[in-house]
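Structural features, examined
Below are the chains, spelled out letter by letter.
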Amino acid sequence: MQEFLVEITTTVPEGTSQDEVDRRRAAEAVRAGELSATGNLARLWRPVGESRSIGVWRAADEKELREKVLGTLPLRPWMTLTVTSLEPHPNDPGRATNGPG
């Protein structure tokens, strides 16, 4: 699977009831757990003091990511996304080494 850095800003539409917001947020937590279990959601952070999230997501390609992964999130209609395709860096300290060690 390819990895993507995804920045998500969620804006609740004016006039939305708190019950609807709570329902969607609860469903979002369940769906995030499911996507984590399938390997589509690798990591997720929230910058301190901000209402956006930054995560590492995985999918076969960007189309699948947008449609079959992010598109299944209950809060997706309220989200603005920035998607950046990632590739391994040769100096990444997290890369597995194949040489003698």
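The rules behind each value
Residues numbered from 1 in each chain as written. Predicted model: local features only at pLDDT ≥ 70, side-chain atom pairs only at ≥ 80, totals over all residues. Heavy atoms only, no water. Pairing = 2+ DSSP bridges. Helix = DSSP H or I, 4+ residues; strand = E, 2+ residues; numbered from the N terminus. Axes fitted to C-alpha atoms, helices over the stretch in contact; angles between N-to-C directions. Contact = heavy atoms within 4.5 Å. Salt bridge = Lys/Arg side-chain N within 4 Å of Asp/Glu carboxyl O. Buried < 20%, exposed > 50% of the residue type's maximum accessible area, 1.4 Å probe, protein only. UniProt positions renumbered as here; feature names shortened; annotations may be inferred. Expected span 1.5 Å × (residues − 1). Arc of directions from axis to C-beta.

1. Details of the sheet that holds strand 2 (residues 41–45)
Read from one edge of the open sheet, 4 strands run 2-3-1-4, paired in antiparallel fashion. A single partner strand is all that each edge strand has here, and the edge strands are strand 2 and strand 4 (79–86). Going across the sheet, the axis of each strand differs from the next one's by a mean of 20°, ignoring polarity. Where helix 2 (residues 62–69) meets the sheet, it contacts strand 1 (2–10), strand 3 (52–59) and strand 4, and its direction lies at approximately 115° from that of strand 3.

2. Quick notes on the pattern of salt bridges
Applying the stated criterion across every chain, the model contains 7 salt bridges. Residue glutamate 3 pairs with arginine 58 through a salt bridge whose shortest N-O separation is 3.0 Å. Within this pair, whereas glutamate 3 is found in strand 1, its partner arginine 58 is found in strand 3, the two being separated by 55 residues in sequence. Glutamate 3 sits in the partly exposed class, given a relative accessible area of 30%. In this structure, arginine 24 engages glutamate 20 in a salt bridge whose closest nitrogen and oxygen atoms are separated by 2.7 Å. Of this pair, arginine 24 and glutamate 20 both sit in helix 1 (residues 18–37), 4 residues apart, which is roughly one turn of that helix. Among the charged side chains, a salt-bridge network with shared partners connects Glu7, Glu50 and Arg52.

3. Topic: the pairing of strand 1
Here strand 1 pairs with strand 3 via 8 bridges, running antiparallel. The residue bridging glutamine 2 from the neighbouring strand is alanine 59, located in strand 3. Here 8 bridges tie strand 1 to strand 4, and the two strands are oriented antiparallel to one another. Bridge pairing links isoleucine 8 to leucine 81 in strand 4.

4. Quick notes on the environment of lysine 68
Inspection of the secondary structure puts lysine 68 in helix 2. Accessibility expressed as a relative area gives 58% for lysine 68, which makes it exposed. Those residues in contact with lysine 68 that sit more than four places away from it in its chain are Arg31 and Lys63.

5. Notes on the UniProt feature "domain: Muconolactone isomerase" (unreviewed entry) in the protein
In the UniProt entry, the feature "domain: Muconolactone isomerase" (unreviewed entry) is given for residues 3–92. Within residues 3–92, the helical portion is 31% and the strand portion 32%, while the C-alpha atoms at the span's ends are 14 Å from each other.

6. A word on helix 1
Taking 1.5 Å of rise per residue, the 20 residues of helix 1 would be expected to cover 28 Å, and the 29 Å separating its terminal C-alpha atoms lies within 8% of that figure. Within helix 1, the full set of buried residues consists of Val21, Arg24, Glu28, Ala32 and Leu35. Buried residues of helix 1, seen end-on, are gathered within an arc of 80° and therefore sit on one face of the element. Turned more than 90 degrees away from the buried face of helix 1, the exposed residues are Asp19, Ala29, Val30 and Ala37. Check the buried side of helix 1 and you find it contacts strand 2, strand 3, helix 2 and strand 4. Looking one or two residues past helix 1, glycine 39 carries a phi angle of roughly 90°, positive in sign.

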